[in-house]
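# Observations on chain architecture
Residue-level listing of the chains:
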Amino acid sequence: MLNTTFLNKQFKNPIVLASGILGVTGAGLANIIKIGAGGVTTKSISLEPREGHKNPVMMGNDHFFLNAVGLSNPGIENALPEIAKLRSLTDAPIIGSIFAGTAEEFGVVAEKICTGPIDFLEVDISCPNVGAEFGRPFAYSTEAVETITKIVKTKSTVPVIMKLSPNAWNIAEIAKAAESAGADAITAINTAAGMMIDIESRQPVLSNKVGGVSGPALFPIALKCVYDIYKAVKIPIIGTGGITTGRDGIAMIMAGATLLGVGSAMYYNKGTCFSKITAEMEEFMKAENITSLEEIRGTAH
Ligand SMILES: Cc1cc2nc3c(=O)[nH]c(=O)nc-3n(C[C@H](O)[C@H](O)[C@H](O)COP(=O)(O)O)c2cc1C
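Quick notes on the rules
Residues numbered from 1 in each chain as written. Predicted model: local features only at pLDDT ≥ 70, side-chain atom pairs only at ≥ 80, totals over all residues. Heavy atoms only, no water. Axes fitted to C-alpha atoms, helices over the stretch in contact; angles between N-to-C directions. Helix = DSSP H or I, 4+ residues; strand = E, 2+ residues; numbered from the N terminus. Parallel < 35°, antiparallel > 145°, perpendicular 65-115°, else oblique. Left-handed = near helix turned anticlockwise from the far one by under 90°. Contact = heavy atoms within 4.5 Å. Nonpolar A, V, L, I, M, F, W, Y, C, P; charged D, E, K, R; others polar. Pairing = 2+ DSSP bridges.

## Brief notes about the packing of helix α3 (residues 103-113) against helix α5 (residues 142-155)
- As a packed pair, α3 and α5 sit with axes 8 Å apart at the nearest point and diverge in direction by 25 degrees. Regarding the angle of α3 to α5, the classification is roughly parallel. As α3 runs across α5, the sense of the crossing is right-handed. Two secondary-structure elements touch here, α3 through Ala103, Glu104, Phe106, Gly107, Ala110 and Glu111 and α5 through Thr147, Ile148, Ile151, Val152 and Lys155.
- For the contact of α3 with α5, the residue count by class is six nonpolar, two polar and three charged.

Set out below in C-alpha cells:
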C-alpha cells in the first residue's frame with residue numbers, strides 16, 4: 001500500500017530518515033530500516049572531519065527543536081567504511097548527504113562519496129547554522145544553486161537531490177534553477193533559521209546563538225514549500241520538516257511529495273516513530289479507500 005518508486009528505486013514505504021539525526025554509523029542507520037523506515041540519509045559529510053559547534057548545540061520542547069550542531073562529521077574518508085557497513089546490513093535505499101564550503105569542493109566530495117555504495121546523493125546547501133564560517137547558504141541564490149548542481153552532476157554517478165532552505169524567499173524559483181541545472185530531485189526543507197533566549201541568563205540558549213528550527217512547528221512551513229515547489233518543477237520532492245504523524249505524511253503527499261523525510265520525530269518517539277507514521281498513513285488510506293499513494297499525490301492542487 002505504501003510502496004513507493006522514487007527515481008526508479010523501490011522503497012517499501014515513503015519514509016526516509018532525514019540527514020543529521022543519526023550521524024553516519026552504518027549499524028545505527030541500518031537499525032532505522034529495521035524499525036520501519038523505507039530508506040536512510042546519512043549525516044552531511046564534508047571533505048575533512050569537522051567537530052561542529054561547542055555545547056549547548058540543541059534544545060527542544062513539545063513544539064520544536066532548535067539545533068546548531070555545526071555539521072560535525074568524521075569526514076569522507078572515515079565515513080566511507082561506515083557506508084559500506086550500512087550496505088552490508090540492508091538492501092534499503094541509501095541517500096548519501098554531502099556538504100562543502102565551495103562549489104569546487106562539493107564536486108570533490110561528490111566524486112569521493114560515489115565510490116561508496118550509495119543510491120542517491122543529497123547535496124546540503126541549506127544548513128542555517130554555519131553562516132559565521134561559510135556565509136550565506138548557497139540555497140538562497142539561484143546562481144549558486146545552478147553552479148553547484150552542475151558541478152555535482154558532472155561528478156556524481158547516482159541521481160542528485162538538492163536540499164533547499166525555507167529561508168529562501170523564492171524557494172520555487174530556486175528549485176527550478178536546480179532542475180534546469182540537471183538536479184534529479186529536491187529535498188524540501190532543511191531547518192529554518194531561529195534562536196531562543198534564556199531569560200534568566202539573558203543570553204541565547206545555544207553557544208552558536210542561532211540555529212535551525214525543526215519538529216512540529218516547521219510542518220506548515222515545509223508543507224507550503226513543497227506545495228510551491230511541486231507547482232514549479234517536474235522532478236520528485238522529498239517532503240521534509242515537522243512530520244510526526246501519519247496525517248502529516250498524507251498531507252505532505254497531497255502537497256506533492258514523493259518521499260517523506262522524518263528527523264525530529266525520532267526525538268519524541270525514538271524506536272516507534274517510523275512504524276507509527278506508516279501505520280497511521282495506512283489506517284487513513286484504508287478508511288478512505290485509497291489503495292496507493294499515487295492516487296493522492298498532489299491532490300491539494
Ligand atoms: C540535530 C540535527 C542535525 C541535522 N543535521 C543535518 C545535516 O547534517 N544535513 C542536512 O541536510 N540536514 C540536517 N538537519 C536537518 C534535517 O535533515 C531536516 O531537514 C530538518 O530537521 C527538518 O525535518 P524534521 O522536522 O523532521 O526534523 C539536521 C536536523 C537536526 C535536528
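Still more to cover.
## Observations concerning the sheet that holds strand β5 (residues 58-60)
- Spatially, the four strands line up as an open sheet ordered β5-β6-β14-β11, and their pairing is antiparallel. The open sheet has two free edges, formed respectively by β5 and β11 (192-194), since each of these has just one partner strand. Each adjacent strand pair in this sheet contributes to an overall mean axis angle of 30 degrees, direction not counted.
- Direction of pairing for β11 relative to strand β14 (residues 211-214): antiparallel, over a ladder of three bridges. The partner of glycine 194 across the bridge, within β14, is glycine 211.

Everything listed here is a matter of coordinates, which is why it stays silent on function.
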